[in-house]
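Observations on the model geometry
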Amino acid sequence: MRVLSGIQPTGRFHWGNYFGAIRQYIAFQNEHEAYYFIANLHALTTVRDPAVLRGYTLDAALDLLALGLDPNRATLFVQSDVPEVSQLCWLLMTGTNLGLLERCHAFKEKKAKGINADAGLFTYPVLMAADILAFDSNWVPVGEDQGQHIEVCRDLARSFNHHYRCEAFVLPEARITVDAAKVPGTDGQKMSKSYDNTLALFEDQKQQRKKIMRITTDSRPMEDPKAPEEDHLFQLYRLVAKPEQVEEMAALYRRGGFGYGEVKKALADAAELYFADARARRAEYEAKPNEVYEILADGAGRARKKAGEVLRRVESACGISYRK
Ligand code: ADP
Ligand code: TRP
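Quick caveat, the model's predicted, so the values are computed rather than measured.

Here's the deal with the site of ligand 1
Taken together, 14 residues sit near ligand 1, with His-14, Val-183, Met-191, Ser-192 and Lys-193 positioned nearest. Backbone polar atom of Gly-16 to a nitrogen atom of ligand 1: 3.2 Å apart, as the coordinates give it. Side-chain polar atom of Asn-17 to an oxygen atom of ligand 1: 3.1 Å apart, as the coordinates give it. Protein burial of ligand 1: of its 540 Å² of free accessible surface, 82% is covered by the chains. Counted by class, the shell around ligand 1 contains four nonpolar, six polar and four charged residues.

Observations regarding the pairing of strand β4 (residues 139-142)
Because side chains alternate across β4, one face comprises the buried residues Trp-139 and Pro-141, and the other comprises Val-140 and Val-142, equally buried. Bridge count for β4 against strand β5 (residues 173-176) is four bridges, and the pairing is parallel. Note on β5: the bridge partner recorded for Trp-139 is Glu-173. Tracing the backbone out of β4, into helix α8 (residues 147-163) and back to the parallel element β5 gives a crossover that is right-handed.

Considering helix α4 (residues 83-93)
Every buried residue belonging to α4 is among Glu-84, Val-85, Leu-88, Cys-89, Leu-91 and Leu-92, and all of these are buried. Taken down its axis, α4 places every buried residue within 165° of arc, on the same side.

A word on the site of ligand 2
In the neighbourhood of ligand 2, 13 residues make up the surrounding shell, with Gln-8, Tyr-124, Met-128, Asp-131 and Gln-146 lying closest. At 3.0 Å from a nitrogen atom of ligand 2 is found a side-chain nitrogen or oxygen belonging to Gln-146. When ligand 2 is considered free in solution it has 370 Å² of accessible area, and contact with the protein chains removes 89% of it. Elements represented by at least two residues in the shell around ligand 2 include exactly β1 (2-7), α7 (119-133) and β4. Looking at which element gives the most residues to the shell around ligand 2, the answer is α7, with four residues. The residue inventory of the shell around ligand 2, partitioned by class, reads seven nonpolar, five polar and one charged.

Here's the deal with the domain arrangement of the protein chain
Reports of interface size often rely on the accessible area that becomes lost once the parts have come together. Here the protein chain is described as being made up of domain 1 (2-182 + 288-318) and domain 2 (203-274). The straight-line distance from the C-alpha centre of domain 1 to that of domain 2 is 36 Å. Facing five residues of domain 1, the contacting portion of domain 2 comprises seven residues. For the pair domain 1 and domain 2, the two sides together bury roughly 500 Å², of which 75% comes from carbon and sulfur. Taken together, the connections running from domain 1 to domain 2 amount to zero salt bridges. Seen at the junction of domain 1 and domain 2, the total is zero residue pairs in polar contact (both at pLDDT 80 or more). The residue inventory of the side of domain 1 that touches domain 2, partitioned by class, reads four nonpolar, no polar and one charged.

Quick word on the pairing of strand β3 (residues 74-78)
Of all the five residues making up β3, five are buried; the element is thus mostly covered by neighbouring parts of the structure. Here β3 shows no split at all, with Ala-74, Leu-76 and Val-78 on one side and Thr-75 and Phe-77 on the other all buried.

Remarks on the environment of Met-213
By secondary structure assignment, the location of Met-213 is in helix α9 (residues 205-213). According to the relative accessible area criterion, Met-213 is partly exposed, its value standing at 39%. Sequence separation between Met-213 and Tyr-25 is 188 residues; the distance between their C-alpha atoms is 31 Å. Residues within four places of Met-213 in sequence aside, it is in contact with Gly-261, Lys-264 and Lys-265.

Considering the nonpolar core
Counting 58 residues, the largest nonpolar core has Trp-15, Leu-236, Val-240 and Leu-267 as its most contacted members. Per-domain counts for this core show at least three residues from each of domain 1 (2-182 + 288-318) and domain 2 (203-274). Sequence-distant contacts of Leu-236, defined by excluding residues within four places in its chain, comprise Trp-15, Val-183, Pro-184, Met-191, Leu-199, Ile-215 and Leu-267. Counting residues in hydrophobic clusters, the runner-up holds 43 residues, among them Val-140, Ala-157, Phe-160 and Ala-300.

Reading guide: rules and limits
Residues numbered from 1 in each chain as written. Chains lettered and ligands numbered in written order. Predicted model: local features only at pLDDT ≥ 70, side-chain atom pairs only at ≥ 80, totals over all residues. Heavy atoms only, no water. Near = heavy atom within 4 Å. Polar contact = N/O pair within 3.5 Å; in protein donor to acceptor, adjacent residues only side chain to side chain. Areas by Shrake-Rupley, 256 points an atom, 1.4 Å probe, with all protein chains shown as cover. Nonpolar A, V, L, I, M, F, W, Y, C, P; charged D, E, K, R; others polar. Buried < 20%, exposed > 50% of the residue type's maximum accessible area, 1.4 Å probe, protein only. Helix = DSSP H or I, 4+ residues; strand = E, 2+ residues; numbered from the N terminus. Pairing = 2+ DSSP bridges. Right-handed = clockwise from strand over helix to strand, strands pointing away. Arc of directions from axis to C-beta. Domains from an automatic or database assignment. Contact = heavy atoms within 4.5 Å. Buried area = accessible area lost by both parts, 1.4 Å probe. Salt bridge = Lys/Arg side-chain N within 4 Å of Asp/Glu carboxyl O. Core = buried A, V, L, I, M, F, W, Y, C linked by side-chain atoms within 4.5 Å.

Shown next, in the form of structure tokens:
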């Protein structure tokens, strides 16, 4: 299968991004032909400071490589390095019904909040469809929140094929990572950069420890037995601790008579260990940015080859290539 997914460089990646998305995407590289890209054109709908966008883009590449994305197995590229995607976007845009885009939640939510949405945000699902269709992608691993966009992509592909009576586009399938952990943030709500409750993946260890020690907890007496599954500290611990440690901790919760301070300390220790290899790998890549640029250039080259083939097929189907 050809698998493709993208992630926006709109901030530093956090545990929610990793355990909820990135980890699953990377796993596909072992069994499938995988394409992963950093969606910097999409990020323009929110990040409008050039230095910040540049920084997040390189950080995203470093993080993905550090977390185990293997450029020899998967193709890693930056969206804007593959102009065929933007060209394809226009070809799709011309057949896109406005009502379809008005129903998309990212736009609807902004509008409902009274925030002025621009045409970029409005047409975002079309660019996302181009991202996917440009590679004849079969599977698109995404979080639940992106399911609607894959449906839009399928709609656009189907209606193009139907209108031009061709098979120019391969219909992709969403692989929704439903069993992915809903990672709680430091305040117990869903971890999200919009709630300012994140544990970033590669932040300074001392700072991370401080953040963990400040995670909100309930105020039930220490002696009370507690159900581990319902506690967000435990939910975080479960992600980074070894299975036997998780079992021990669960038993401690059920027995009661412990302090949250101990759990927080255990969580900070386990997190350091869990991410130690990735942290070391990130430091190595950070020290040789040229190697990272080369990986991205090589990825873009491979991606352009595939996207070019698809673009030519589509241009021929709709009459853009006009020479007989
Ligand atoms: P944020 O909410 O911080 O803005 P994004 O929307 O950029 O994060 O997240 C990118 C992807 O990471 C999402 O599509 C989703 O699959 C995953 N993700 C983000 N936060 C979480 C979380 N707390 N738990 C599980 N998955 C998450
Ligand atoms: N919209 C996705 C998100 O916000 C990122 C994305 C852009 C994407 N293009 C894509 C994901 C194509 C999968 C396939 O998370």
